[in-house]
Amino acid sequence: MSTPAFTLTAAPQPLLFAGFMTDDTQALATGLRQRDPDLLDRLIEQYQQRLYRYLLFLTGNPPLAEDLFQETWIRVLERGSQYNGKSKFESWLFAIARNLVIDASRRKKISSLEDLGDQESNTPYDPPDERAASVLQMLVSRENEQSVQLSLLKIPAYYREVLLLRFSEELGLEEIAGVMATPVSTVKSRLYRGLAALKTAMTEGAA
Amino acid sequence: MNENLHERAHQLLAKSLVEGLGPVDETWLREHLAACSGCAQDAAAMQNVLRALRAVPVSIPRDLAARTQLRVRLRTQQSSPAAAGSFWLWAVTAASWLLGVSSAPLVWRGFAWLGANFGVPKLALEFGFVLWWTVPPLLAAAIILHQKALTAEWSNKN
């Protein structure tokens, strides 16, 4: 019998995200309220990788992700006073980015991320433009990662988003619910379905 | 092995990833995985998938952070003086309005004295009184519009 590579651990708890916790989040909130440009510089530097990846996963379109990246930070500047320091900064940041993606989607007559894929028929996510597939394909280099990447392409955007937030960004269920402005039960349900969809896509890809 | 046991193992596997497991379920799953190579392989495969998901590298466009920092700084510079200017403009307007209200009876008596002593027509006095009230807000509105025009022009240039 093979030794299971799986190790039983609890669901990933939110990790320490490079520094900003309770006292620091209060200091962060104060800095944002004061529109401190040096603080914003540091935040942009610190969160560039994660924010850009999140936007790229959602849009599948690098130029659009780039525009939305810049727009997100402008919103952070303009609405910094709304961040109260009680939640994690990244949750607030991702929520702003997500709303901008939805705004951009509305311009394409799509009212929400849910409409990027057909929930009932589980139709694979159709990237917004023809470059998206090749771009997402470029995301992954190793063989195993390639198969994950190809499988991610096959699942709807709202599953991809929740899987990214949970397993890549390692946000807690409540934090994801805050980002997506949905109940925790919906987050759980999407995670279960997303995992099932990813598993199915992986199986089909391997066949 | 009973099909239901595998089904339960798969459900608990998913639950362990999403919500975490209690001690009883965790022990059961651990024992099941130790005894069932099929489920153990599934578990390992899922862990590999999640590991790969975490490791997905993204190449950020060159200078994106620097360009964003510049844009944010420009926006900060653009909005800060205007915001500060607006505050003082509103403060002065509010003070002017309060002063106008409190001094209205005196002003009216002053206009009445002018009319009585210099024979100024009543219509001219009323017009003067209306001007006393309307000139400050009109001036404030003109300044705000001018400020907005300057800001828009500055934005277009940048």
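Located above this text is the structure these notes cover.
Within each chain, residues carry numbers counting from 1 in the order of the written sequence. Written order decides the labels, with chains lettered from A and ligands numbered from 1. At least 70 in pLDDT is required for a residue's local features to be given in this predicted model, at least 80 for side-chain atom pairs to be given and counted, and no such filter applies to totals for whole chains, interfaces and linings, which use all residues.

1. A word on helix H3 (residues 37-55) of chain B
Then, number 1: In this text, helices come from DSSP runs of H or I with a minimum length of four residues, and strands from runs of E with a minimum of two, each type numbered from the N-terminal end. Expected span of a helix, by definition, is 1.5 Å for each gap between consecutive residues, and there is one gap fewer than residues. For H3(B), built from 19 residues, the straight-helix expectation of 27 Å at 1.5 Å per residue is met to within 8% by its first-to-last C-alpha distance of 26 Å.
Then, number 2: Comment: burial labels come from other C-beta atoms within 10 Å of the residue's own C-beta, placed from the backbone, where a count of 20 or more is buried, 12 or fewer is exposed, and between is partly exposed. Of the positions making up H3(B), those classed as buried are B:Cys39, B:Ala40, B:Ala43, B:Met46, B:Val49, B:Ala52 and B:Leu53.

2. Examining the interface of chain A and chain B
How big an interface is tends to be stated in terms of accessible area lost as the parts join.
Then, number 1: A pair of residues counts as a contact when their C-beta atoms, built from backbone coordinates, are within 7 Å of each other. With 43 residues of chain A at the interface, the matching set in chain B holds 39 residues.
Then, number 2: Looking at the side of chain A that touches chain B, the elements that each hand over two or more residues are helix H2 (37-59), helix H3 (62-78), helix H6 (143-154), helix H7 (157-168) and helix H9 (184-206) of chain A.
Then, number 3: Sort the elements by how many residues they give to the side of chain A that touches chain B and H2(A) lands first, with 10 residues.
Then, number 4: Considering only residue class, the side of chain A that touches chain B consists of 27 nonpolar, 8 polar and 8 charged. When residue character is reported, Ala, Val, Leu, Ile, Met, Phe, Trp, Tyr, Cys and Pro are called nonpolar, Asp, Glu, Lys and Arg charged, and the others, Gly included, polar.

3. Some points on unusual backbone geometry
Residues and elements named next belong to chain A.
Then, number 1: One non-glycine residue with positive phi stands out, namely Arg 35, at about 55°.
Then, number 2: Assignment of secondary structure puts Arg 35 in the loop between helix H1 (22-33) and H2.
Then, number 3: Classification of Arg 35 by C-beta neighbours within 10 Å gives partly exposed; the count is 19.
Then, number 4: The backbone phi angle of Ala 181 is positive, close to 55°, even though this residue is not glycine.
Then, number 5: A count of 10 C-beta atoms within 10 Å places Ala 181 in the exposed class.

4. Remarks on the nonpolar core
Within soluble globular proteins, side chains that are nonpolar tend to cluster in buried spots.
All names here are of chain A.
Then, number 1: When buried Ala, Val, Leu, Ile, Met, Phe, Trp, Tyr and Cys residues are joined through C-beta atoms within 7 Å, the set is termed a nonpolar core. Of all hydrophobic cores here, the largest spans 70 residues; its most connected members are Leu 55, Leu 68, Leu 93 and Ala 97.
Then, number 2: With 11 residues, the single largest contributor to this core is H2.
Then, number 3: Residues within four places of Leu 68 in sequence aside, it is in contact with Leu 55, Thr 59, Ala 97, Leu 100, Val 101 and Ala 104.

5. Points about the packing of H7(A) against H3(B)
Helix packing geometry: the angle between the two helix axes and the distance between the axes.
Then, number 1: Between N-to-C directions, angles span 0 to 180 degrees; the directions come from axes that are lines fitted to C-alpha atoms, helices contributing only their stretch in contact. Packing of H7(A) against H3(B) leaves a shortest axis separation of 9 Å and a crossing angle of 90°. In terms of orientation, H7(A) lies roughly perpendicular with respect to H3(B). Contacts from A:Leu163, A:Phe167 and A:Ser168 in H7(A) reach B:Leu50, B:Leu53 and B:Arg54 in H3(B).
Then, number 2: Broken down by class, the residue content of the contact of H7(A) with H3(B) amounts to 4 nonpolar, 1 polar and 1 charged. Here is the rule for angles: anything less than 35 degrees is roughly parallel, anything more than 145 is roughly antiparallel, 65 through 115 is roughly perpendicular, and the remaining ranges are oblique.

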